[in-house]
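Chain and residue survey
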Amino acid sequence: MRFFQFSGILACTTAAFISIAPIEVEAATFKVISGVTSIDRDHEDILRSIGLILTGSHNTVTPIPRNYLVGFNIDSASNFTFSDEGGFTPLSGTIENTGTVTFNNQITIGDFSIGFTPGRTVKDASGFVLRDTYSLNTILFDLSLPEPVAFDNQNLTIPDVKLLVSPEFANILQKPELTGLFAGTARIDAEVAAVPEADSVLAVLAAGAAVLATRFYTRKIKYT
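Reading the values: rules and limits
Residues numbered from 1 in each chain as written. Predicted model: local features only at pLDDT ≥ 70, side-chain atom pairs only at ≥ 80, totals over all residues. Heavy atoms only, no water. Helix = DSSP H or I, 4+ residues; strand = E, 2+ residues; numbered from the N terminus. Buried < 20%, exposed > 50% of the residue type's maximum accessible area, 1.4 Å probe, protein only. Contact = heavy atoms within 4.5 Å. Phe/Tyr/Trp six-rings, centres within 6.5 Å; stacked < 30°, edge-to-face > 60°. Salt bridge = Lys/Arg side-chain N within 4 Å of Asp/Glu carboxyl O.

**Notes on unusual backbone geometry**
Here the amide bond leading from Ile64 into Pro65 is cis, since omega sits at -5 degrees, within 30 degrees of zero. Examined against the element boundaries, Pro65 turns out to sit in the loop between strand S2 (54-58) and strand S3 (70-74). The amide bond that connects Glu147 to the next residue, Pro148, takes the cis arrangement and shows omega of -10 degrees. Looking at the secondary structure, you find Pro148 in the loop between strand S11 (138-144) and strand S12 (150-151). With a phi angle near 45 degrees, Asp111 is a residue other than glycine that sits in the positive phi range. Tracing the backbone through its elements, the reader meets Asp111 in the loop between strand S8 (107-110) and strand S9 (113-116). Residue class for Asp111 comes out partly exposed when judged on its relative accessible area of 26%. Look at Gln174: it is not a glycine, yet its phi comes out positive at around 60 degrees. Its location among the elements puts Gln174 in the loop between helix H3 (167-172) and strand S14 (182-195).

The structure is reproduced here in structure tokens:
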């Protein structure tokens, strides 16, 4: 069989398949690409009560909303993905933030990484954690997420995130009794992009193959 004949058959077969294949609506996958993680002012007040006084910040951004204490830019290096199944289902990766804060003019933490870590034991925690990657390289807070989150296929907003002191941070402070203590409120405002599913990619390739094959077949007929 000549190639142009095969191309014609491929085009017809693909077109027929696409026309008769049932269209199923499946859960889509999205990736966080930018945004801001903001910390409310109650966080500063609570930390002050345990002896941690905010004395400086570096490379931070305007928080959302503006009356919050401080904002951290969500870096493009973030690879956090989630499904819209059930509204919001975490899949893998982390939300990487830039910016640091200093307490008591002594310890600087920041460049926070937010990710899902199953098996955490802090009461009321969601499995999400906030990790300092600047100096301590440890989990500072377990996160309690509200239900449901706000998502419109382009923006993911997670308001009223409760920061709970992690066992690791409590041990660093030499105050294990602080584990699980409510330590303030945070908010995540992220822009997202859809991640192509394998089936979608195959469908695009099939459609592209059909178009190319049809053009090739048409030219062959014209010049023979």
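**With respect to the environment of Ile33**
Topologically, Ile33 is positioned in strand S1 (residues 29-39). Taking the C-alpha atoms as reference points, Ile33 and Ala193, 160 residues apart in sequence, are found 6.8 Å from one another. If we ignore the near neighbours within four places in the chain, the residues touching Ile33 are Asp75, Ser76, Glu191, Val192 and Ala193.

**Quick notes on the packing of aromatic side chains**
With the rule as written, the count across this model stands at eleven aromatic pairs. Between Phe88 and Phe128 the ring centres are 6.4 Å apart and the planes differ by 25 degrees, which places this aromatic pair in the stacked class. Here Phe128 lies in strand S10 (residues 128-132) and Phe88 lies in the loop between strand S4 (81-83) and strand S5 (89-92), a separation of 40 residues in the sequence. Assigned by exposure class, Phe88 and Phe128 land together as buried. Taking 5.6 Å as the distance between ring centres and 75 degrees as the angle between the ring planes, the aromatic pair formed by Phe141 and Phe169 counts as edge-to-face. Residue Phe141 is located in strand S11, and its partner Phe169 is located in helix H3; the two are separated by 28 residues in the primary sequence. A single burial state applies to Phe141 and to Phe169, both of which are buried.

**Comments concerning the pattern of salt bridges**
Summed over all chains, the structure comprises five salt bridges. Residue Asp45 pairs with Arg48 through a salt bridge whose shortest N-O separation is 3.2 Å. With Asp45 and Arg48 both in helix H2 (residues 41-49) and three residues apart, the pair spans about one turn of that helix. As a salt-bridge pair, Arg120 and Asp142 come within 2.7 Å of each other at their nearest N and O atoms. Linking Arg120 in the loop between S9 and S10 with Asp142 in strand S11, this pair joins segments that are 22 residues apart in sequence. Beyond isolated ion pairs, a larger network of salt bridges with shared partners links Glu44, Asp45 and Arg48.

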